[in-house]
Amino acid sequence: MKRLFCLVLSIFLLIIFISCAEQQTGSTDNTESETIGTSDTEATPKDTTAVSDVTSESDTSDLTTDTEPVTDTETDTAEITETEAVTTVHEHSYSLSSTVDSTCTKKGSKTYSCACGKSYSEELKLLPHSYSLSSTKNSTCSINGSKTFSCSCGSSYSEALDLLPHSYTPATCTSPETCSVCGYKNGSMLPHNVVDSVCTICGKEVLCLGITESELIQIAGEPNDIIVESTSVGYVTTYIYCSNMMKLRFYQLHNGKVSAIFSAGSGYIYCHMPTKKSHIPIAYDENMQLISDGNIDILCFTDIIGSKKLVSSWAKLTEFDYGLNTVNDKTVFKGEEVTDYTTQNVLCLYITNYYRMLNGLSPLEYSNEASNASLVHSIDMARNGYFEHTDLNGNRASYRLRNEGIDGVYCGENIQAGYFYINKTKTTNVFFITHSWYTSQAHREVMLTPEYKHFGAGFTYHSDSRYEYYSTQVYFRYP
Ligand SMILES: [Zn+2]
Ligand SMILES: [Zn+2]
Ligand SMILES: [Zn+2]
Ligand SMILES: [Zn+2]
């Protein structure tokens, strides 16, 4: 009984102890919690303890987590061990088995093989091209040459060579400094030095515009004929030089200086004397195309029979406004007429005779009657609005000549109407009209009929007419 009591007491005490322990733990925890909750400063040491405890616990927990991957690694190691076991069956032993060399266009290769039959290849780099000079094109002064380098594969490249310098011949009075190789012209011409119509430097005959009347007489001598006409720009005096018809020349003086020159033939130079600059008529291809250098305007009249050549030209000072529209010293009002072109008739005869003599024919004689018959027809066409050889009454040139007292003759007639556009300017004059007849075959045949002996012309301007300018030429001979 006593032993049983002791056992019961022991168990009882043990239970109390366990209970106490639980209570102590619980109360300690409670105390700490309270301290943290109520005190700031004093509690700090305890606080640190508490934080330290928590950290310590977390660390431990982390470490435990870290440990887990390590366990995985151990598992990997086990797998590798398995692979090694397979490798030991055959290890490839590669060695260079063949080589294909590269060229400059195709990549080569190195092939490595194992005894088992397995192989692999490595690509080799292209070789550089092997260029050498294959051809050289030398430069000139106008075209760049080149050096070409080629590879045996066909690939090539070229290097441009510098231009050579021009080989200049010195400037003369007819040409600026000029490259003898390519013809490039550089700078300006030298002035002419004209003595008696010939330049002492270039040796060419020089026709000078802008010189005075006395200078003209000094250079060209006395004229064979002089015609004075009154025009809207004042008096124009034409000095005619015709002792050599192949060198027929008209010098037209206006305001005391040579303002225009008509010249038959070629081989001469027009020179603007105030600046001593020359202007060489060279555009023979284009009949009646104006060449202008700002000082002089030149019109070239080209022969269309056979090979083209310059047959004559007319040059004027650019500022000189001369044409049929300027004739007669008065403003022409709408509906008005100008019929006093007798000076033009004479110039037309000279030019026509020049064309005849150029073709081996005898010159014609001027006929007042033929000129009157021509003028009557020009005026009639202008006033009555037609352009025909037969007038509105059915009458022809022979009828008109008969009215002037010329009867029983063989005759021919050329007519022309309208104006020319010279550099977009509407104009006309006896030089243009006569040459336009010469370049038209049917009209030229009339001009160059060998049997004709007499000639007349008549020009009119009628502001209210269809073509404004009307011109007629009449040729005849007695049976
Ligand atoms: Zn192998
Ligand atoms: Zn190559
Ligand atoms: Zn050159
Ligand atoms: Zn010269």
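Residues numbered from 1 in each chain as written. Chains lettered and ligands numbered in written order. Predicted model: local features only at pLDDT ≥ 70, side-chain atom pairs only at ≥ 80, totals over all residues.

Student: So what's going on with the overall build of the protein chain? Residues and values would help.
Tutor: Across its full length, the protein chain holds 8 helices and 28 strands. Within the protein chain, buried positions represent 25% of all 479 residues. By sequence separation, contacts in the protein chain at least 24 residues apart represent 51% of the contacts at least 6 residues apart. (Helix = DSSP H or I, 4+ residues; strand = E, 2+ residues; numbered from the N terminus. Buried ≥ 20, exposed ≤ 12 C-beta atoms within 10 Å, placed from the backbone. Contact = placed C-beta atoms within 7 Å.)

Student: Lay out unusual backbone geometry with the relevant residues and their values.
Tutor: At Asn255, a residue that is not glycine, the phi angle is positive and equals roughly 55 degrees. Note on placement: Asn255 falls in the loop between strand 15 (249-254) and strand 16 (257-264). Asn255 gets classed as exposed once you count the C-beta atoms within 10 Å, which come to 10. Unusually for a residue other than glycine, Glu468 sits at a positive phi of about 70 degrees. Secondary-structure assignment places Glu468 in the loop between strand 27 (454-462) and strand 28 (469-477).

Student: Any details on the nonpolar core? Residues and values, ideally.
Tutor: Cys208, Leu209 and Ile261 are the most contacted members of the largest nonpolar core, which totals 65 residues. Ranked by residue count, the leading element in this core is helix 4 (residues 342-358), at 7 residues. For Leu209, the contacting residues outside a window of four places in its chain are Val258, Ser259, Ile261, Tyr270, Cys271, His272, Met273, Ile296, Ala315 and Leu317. The next biggest cluster of nonpolar side chains, apart from the first, holds 6 residues, and it includes Met381, Ala417, Tyr461 and Tyr469. (Core = buried A, V, L, I, M, F, W, Y, C linked by C-beta atoms within 7 Å.)

Student: Got a sec to walk through the sheet that holds strand 13 (residues 225-231)? Specific residues and values, please.
Tutor: Spatially, 7 strands are ordered 13-14-15-16-21-20-19 in an open sheet, and the strand pairing comes out antiparallel. At either margin of the open sheet sits one strand with a lone partner, and together these are strand 13 and strand 19 (290-292). Between one strand axis and the next, the sheet turns through 20 degrees on average, direction left out of account. (Pairing = 2+ DSSP bridges. Axes fitted to C-alpha atoms, helices over the stretch in contact; angles between N-to-C directions.)

Student: Which residues make up the sheet that holds strand 2 (residues 109-113), and what values go with them?
Tutor: Spatial ordering of the open sheet is given by 1-2-3, a layout of 3 strands whose pairing is antiparallel. Among the strands making up the open sheet, the edge pair consists of strand 1 (95-100) and strand 3 (119-123). The sheet shows a mean angle of 25 degrees between the axes of neighbouring strands, direction not considered. As judged from the 5 bridges shared by strand 1 and strand 2, these two strands associate in the antiparallel manner. Residue pairing in the sheet places Thr99 in a bridge with Lys110 of strand 2.

Student: Lay out helix 5 (residues 368-384) in plain terms, naming residues and giving numbers.
Tutor: The end-to-end C-alpha distance of helix 5 is 24 Å, a good match for the 24 Å that 17 residues give at a rise of 1.5 Å each. Among all positions in helix 5, only Ala370, Ser371, Ala373, Ser374, Leu375, His377, Ser378, Met381 and Ala382 are buried. Taken together, the buried residues of helix 5 touch helix 4, helix 6 (397-403), strand 24 (410-417), strand 27 and strand 28. Just downstream of helix 5, Gly385 is the residue with a positive phi angle, here 65 degrees. (Expected span 1.5 Å × (residues − 1).)

Student: Summarise the environment of Ser463; cite the residues concerned and give the values.
Tutor: For Ser463, the location among the structural elements is in the loop between strand 27 and strand 28. Residue classification places Ser463 among the partly exposed residues on the basis of 14 C-beta atoms within 10 Å. As for Ser463 and Val338, which are separated by 125 residues in sequence, their C-alpha atoms are 8.9 Å apart.

Student: Can you lay out the pairing of strand 4 (residues 132-137) for me, pointing to particular residues and giving the numbers?
Tutor: Across the 6 residues that make up strand 4, only a small minority, 0, are buried. Across 5 bridges, strand 4 lies against strand 5 (residues 146-150) in antiparallel orientation. Directly across from Lys137, in strand 5, lies its bridge partner Ser146.

Student: Summarise the confidence of the model for the protein chain; cite the residues concerned and give the values.
Tutor: The share of residues in the protein chain with pLDDT of 70 or more is 76%, and the mean pLDDT across the chain is 80. Across residues 11-81, where pLDDT falls below 50, the model places 7 contacts with residues more than four positions away in sequence or in other chains. In the model, residues 327-331 has pLDDT below 50 throughout and makes 13 contacts with residues more than four positions away in sequence or in other chains. (pLDDT = per-residue confidence, 0-100.)

Student: I'd like to hear about the environment of Thr439, residue by residue, with values.
Tutor: Along the chain, Thr439 turns up in the loop between helix 7 (430-438) and helix 8 (441-447). A tally of 16 C-beta atoms within 10 Å means that Thr439 is categorised as partly exposed. When the C-alpha atoms of Thr439 and Ile304 are compared, they prove to be 6.2 Å apart, with 135 residues separating the residues in sequence. Look past the residues within four positions of Thr439 in its chain and what remains in contact with it is Asn287 and Ile304.

Student: Explain the packing of helix 4 against helix 7 to me, using residue names and the numbers behind them.
Tutor: With their axes 10 Å apart at the nearest point, helix 4 and helix 7 run at an angle of 35 degrees to one another. In this structure, helix 4 crosses over helix 7, and the sense of that crossing is right-handed. Residue-level contacts link Gln344, Leu347, Cys348, Ile351, Thr352 and Tyr355 of helix 4 to Val430, Thr434 and Tyr438 of helix 7. Among the residues forming the contact of helix 4 with helix 7, the class breakdown is 6 nonpolar, 3 polar and no charged. (Left-handed = near helix turned anticlockwise from the far one by under 90°. Nonpolar A, V, L, I, M, F, W, Y, C, P; charged D, E, K, R; others polar.)

Student: How would you explain the environment of Thr136 if you had to name every residue and give the values?
Tutor: Tracing the chain through its elements places Thr136 in strand 4. Distance in space between the C-alpha atoms of Thr136 and Thr148 is 6.2 Å, their sequence separation being 12 residues.

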